Amino acid sequence: MLIQKKLENEYTLGDPKPGQTITLNLQLGDKYANTTPTVYTITDDKTKGLIEKFTIYPDGLAIFSRQTASRITEYTNGNFELADDGDFKLISFEK
């Protein structure tokens, strides 16, 4: 069965200074602590610095992740807000 999800929210970090790394943390909260998502890896070519994958949770939360050597972009149906610790915290999502 194919179910279409609209991944309308985009979160991006990029362009680190030379020698620095970047990390984008989407924190899902306790509700997802014991949940095992389905992960579909599209591209995992670390030699080119490109990683793309879909992560889909049983309740309908979906995240598409595209990572290159200089940028991380997450597309999701989840609504996240930036917390004081620099992580993005899930506040809701569209089923």
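Residues numbered from 1 in each chain as written. Predicted model: local features only at pLDDT ≥ 70, side-chain atom pairs only at ≥ 80, totals over all residues. Heavy atoms only, no water.

Glancing now at the pattern of salt bridges. Overall, the coordinates contain three salt bridges when judged by the stated rule. For the salt bridge of D59 with K31, the shortest nitrogen-to-oxygen distance reads 3.4 Å. In this pair, D59 is assigned in the loop between β4 (50-56) and β5 (62-67) and K31 in the loop between β2 (26-27) and β3 (38-45), connecting sequence segments 28 residues apart. Overall, D59 belongs to the partly exposed group, its relative accessible area being 22%. Between R66 and E52 there is a salt bridge, with the nearest N and O atoms lying 2.7 Å from each other. One end of the pair, R66, is in strand β5; the other, E52, is in strand β4, and 14 residues separate them in sequence. Given the relative accessible area of 33%, R66 is considered partly exposed. On the basis of relative accessible area, E52 is assigned to the buried category, the value being 12%. (Salt bridge = Lys/Arg side-chain N within 4 Å of Asp/Glu carboxyl O. Helix = DSSP H or I, 4+ residues; strand = E, 2+ residues; numbered from the N terminus. Buried < 20%, exposed > 50% of the residue type's maximum accessible area, 1.4 Å probe, protein only.)

Of the pairings in the sheet, the one linking strand β7 (residues 78-82) to strand β8 (residues 88-93) comprises five bridges and is antiparallel in character. Looking across to β8, one finds that G78 is bridged to F93. Between β7 and β8, which follow one another and run antiparallel, lie five residues, and G86 among them has a positive phi close to 95°. (Pairing = 2+ DSSP bridges.)

The subject of this paragraph is the environment of G49. Structurally, G49 is set in the loop between β3 and β4. Residues G49 and Q67 lie 18 residues apart in sequence; the distance between their C-alpha atoms is 7.4 Å. When residues no more than four places from it in sequence are discounted, the contact partners of G49 are Q67, T68 and A69. (Contact = heavy atoms within 4.5 Å.)

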